Amino acid sequence: MNSRKIFATGLRVMAYCILIVWAIIALMPLYWVFTTALQLPDEVLSMPPKLIPTVVKKFIPLYLQGDKDQALHILSESFKSVRVLFTDIGLPKWFFNSVLVSVTATLGILLLDSMAGYVFAKKQFPGRDFLFWIMISTMMIPGQVTLVPMFILVTKLGIKNSLWSVILPPLAMVFGVFLMRQFMKTIPTELIEAARIDGASEFKTYWKIIIPLSKPALATLGILTFMSVWNSFLWPLIVLNKSYLYTLPVGLKTLQDKNLVNYGLLMSGAAISAIPMIIVFLFFQRYFIKGLTLGGLKG
Amino acid sequence: MIFIKGQINPTEVGSRRRLFRRKEKQPTMHLLKQIGKHKWDYLFLLPKFSVFLVFIALPVVWAFVLSFQEYQIFDTVWVGLDNFKAVFTGDLFYKALWNTFRYTLVVVPSQVMIALILASLINPLNRKAQTFFRAAYYLPTVTSVVVISMVWRWMYNSRGLLNYILSLVGVDAINWLGSSNWALTSIIMMAILTPPGVGVILYLAAMGSIPESLYEAARIDGAGPITTWWRITLPLLKPTTLYLVVLGTIGSFQVFAQVLLMTDGGPGYATTTLVHLIYKSAFRDFEFGLASAQAIVLFGIVLIFAFIQFKFLNTDVEY
């Protein structure tokens, strides 16, 4: 009995050790982004590397000791590369483009997919299953297959080098239709019939009954879409060739091409582009998890 | 009787005629009527289906057409199977295929295994610890692959963090991304050390849905935690494993951003992968037909792999 207990405790301690070590490995790169971003310009390449940036170590002690000038000097030096990104390089514009594209595409997808998901889940009409099957069957096709035709298409439509070229294509993604349909199937049909008896129009039924009841699914889809558009890289890289049109990932890539070894600058840019997603994740964690499990296991 | 018959007759004939006429016009009339009756349903579907047709269905068909063409803006010619011949005769394609295979073969099993181990260790913990570790492992997944690749490139720098750690244990600095011996290994190592956030979450969800009664039965039979895990948990997780392996394979075959940002396929062609090759053919050499053919070959390979994995791993699990 006793030896068994010791064995169990030992297992538990070992489990915690493995989990913690792996968590450190997991978070180290992100930590290193922020550390490098905050280091003083001459600290970045110093050997041995500074695991904690000077500003974090020294700012508060110096400030409390009354050496305010020195403290503020260190602070301003540490944010030098951030300042360069904001003034000399068009990072605010890239940030704005990323927000604009991600928000617009997300709202568009929420509207389109909830409408399509609603009729697929709750209506009977000729061709329903056929249309649904066509859409779902394209989910298996790797994105690279359509890369070249899409490039020719947006060129011919005249939207290459405009933000429309990165807003419109994501609207066609079919994962959301699938997710909304799965969720809306669980809404009782009696509610829809009751609304019809009360004389509500089709659109009113959708807007006043289906949408409010689908909020959890909409939140999940919204967050997953926002993340995938915010992080999308290959397609914007191909169609956006003007600096003022770049989204953050594309901007970072060109930044890297021009400043191969200015790691302080590169990591500041990386940090700024990572922060929004990290905040969104920390606030809406449960929707990420719900989205994964909804989209994953019901296939 | 005759009178009555006579009276009925015209109606009968008339009705038969009407029946006949209706049968003749039925298909189109019927369809139009059905569409009219369901016009709201189609209207609700119309926006999504239009963008789907324009930005997915049309490009997919077009990709197949392009792969048999030599595309130029004003003068596109049919070249039959020339593009596919070019794909399979160039050495570069086999090099890229081999690199992609090596990457997939190492990364997918490692990631699934790591996800399984981490999830198994997290599962018995209390709720707070579970939330913490789940978040820690998922956080790198929400960060753009561009950010992750950039910081790894920095850590792999000759004066970067990793060589410093090596110097602490007395190992000489490694030229991680600059030597053809190490470059692909470095990219693989980055993939393995970036935690499989999706896998952990899906495994945890699956473990949560295994009925407690099974574990109780095992406990009564005197099975220890490791036996229980091996005999009950693992077999019941098979659908999740299948899903992760298939999804991981599809994803690994498309590895691109890391390669572009860290080595750009080099040194030489040591890290060129299939998608990097497609990107190069299309947007550096502007060989649209060749790039489409390469993409379709990639699609075929992905399909074959997914099919084989389904065949070998798929079993219905009931509990």
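Residues numbered from 1 in each chain as written. Chains lettered and ligands numbered in written order. Predicted model: local features only at pLDDT ≥ 70, side-chain atom pairs only at ≥ 80, totals over all residues. Heavy atoms only, no water.

Secondary structure summary: chain B contains 15 helices and two strands in total. Counting only residues that meet the buried cut, chain B has 50% of its 319 residues in that class. The long-range share in chain B, meaning contacts at least 24 apart out of those at least 6 apart in sequence, stands at 67%. Total accessible area on chain B is roughly 16900 Å²; 65% of this is exposed by carbon and sulfur atoms. (Helix = DSSP H or I, 4+ residues; strand = E, 2+ residues; numbered from the N terminus. Buried < 20%, exposed > 50% of the residue type's maximum accessible area, 1.4 Å probe, protein only. Contact = heavy atoms within 4.5 Å. Areas by Shrake-Rupley, 256 points an atom, 1.4 Å probe, with all protein chains shown as cover.)

Right, let's get into the packing of helix H1 (residues 2–38) of chain A against helix H15 (residues 263–283) of chain A. All names here are of chain A. Taken N-terminus to C-terminus, the directions of H1 and H15 make an angle of 130°; their axes are 8 Å apart at the nearest point. As far as their axial angle goes, H15 and H1 are oblique. When you trace H1 past H15, the crossing you get is left-handed. Here H1 contributes Val33, Phe34, Thr36 and Ala37 to the contact with H15, which in turn contributes Tyr263, Gly264, Met267, Ser268, Ala270, Ala271, Ile275 and Ile278. Among the residues making up the contact of H1 with H15, the classes are represented as nine nonpolar, three polar and no charged. (Axes fitted to C-alpha atoms, helices over the stretch in contact; angles between N-to-C directions. Parallel < 35°, antiparallel > 145°, perpendicular 65-115°, else oblique. Left-handed = near helix turned anticlockwise from the far one by under 90°. Nonpolar A, V, L, I, M, F, W, Y, C, P; charged D, E, K, R; others polar.)

Okay, the environment of Ala271 of chain A next. Residue and element names in this part refer to chain A. One can find Ala271 in helix H15. With 215 residues separating them in the primary sequence, Ala271 and Val56 have C-alpha atoms 16 Å apart. Every residue in contact with Ala271, bar those within four places of it in the chain, is listed here: Val33, Phe34 and Ala37.

This part covers the side chain of Lys123 of chain A. With respect to the helices and strands, the residue Lys123 of chain A is situated in the loop between helix H5 (91–122) and helix H6 (128–137). Residue Lys123 of chain A is classed as buried on the basis of its relative accessible area, which comes to 7%.

Time to look at the nonpolar core. With 193 residues, the main nonpolar core has Phe288 of chain A together with Tyr137 and Trp152 of chain B as its most contacted residues. Considering each element in turn, this core owes the most residues, 14 residues, to helix H4 (residues 91–122) of chain B. Tyr137 of chain B has contacts with Leu19, Trp22, Ala23 and Ala26 of chain A together with Leu118, Ile122, Pro195, Gly197 and Val200 of chain B, leaving out every residue within four places of it along the chain. (Core = buried A, V, L, I, M, F, W, Y, C linked by side-chain atoms within 4.5 Å.)

What follows covers the interface of chain B and chain A. Taken together, the contact pairs 85 residues of chain B with 93 residues of chain A. Summing the contributions of chain B and of chain A, the shared interface buries around 8600 Å²; its carbon and sulfur component is 81%. Put simply, chain B and chain A have two salt bridges between them. The partner of Asp41 of chain B in a salt bridge is Lys123 of chain A, with the nearest N and O atoms 3.6 Å apart. (Buried area = accessible area lost by both parts, 1.4 Å probe. Salt bridge = Lys/Arg side-chain N within 4 Å of Asp/Glu carboxyl O.)

All names here are of chain A. Domains assigned within chain A are domain 1 (2–84) and domain 2 (89–297). If you average the C-alpha positions of domain 1 and of domain 2, the two centres end up 34 Å apart. Facing eight residues of domain 1, the contacting portion of domain 2 comprises eleven residues. Three residues stand out in domain 1 for area buried against domain 2, namely Val33, Phe34 and Val84, and they jointly supply 43% of the buried area on that side. Joining domain 1 to domain 2, the criterion identifies zero salt bridges. Taken together, the links from domain 1 to domain 2 amount to two residue pairs in polar contact (both at pLDDT 80 or more). Among the secondary structure elements, those contributing two or more residues to the side of domain 1 that touches domain 2 are H1 and helix H4 (80–87). (Domains from an automatic or database assignment. Polar contact = N/O pair within 3.5 Å; in protein donor to acceptor, adjacent residues only side chain to side chain.)

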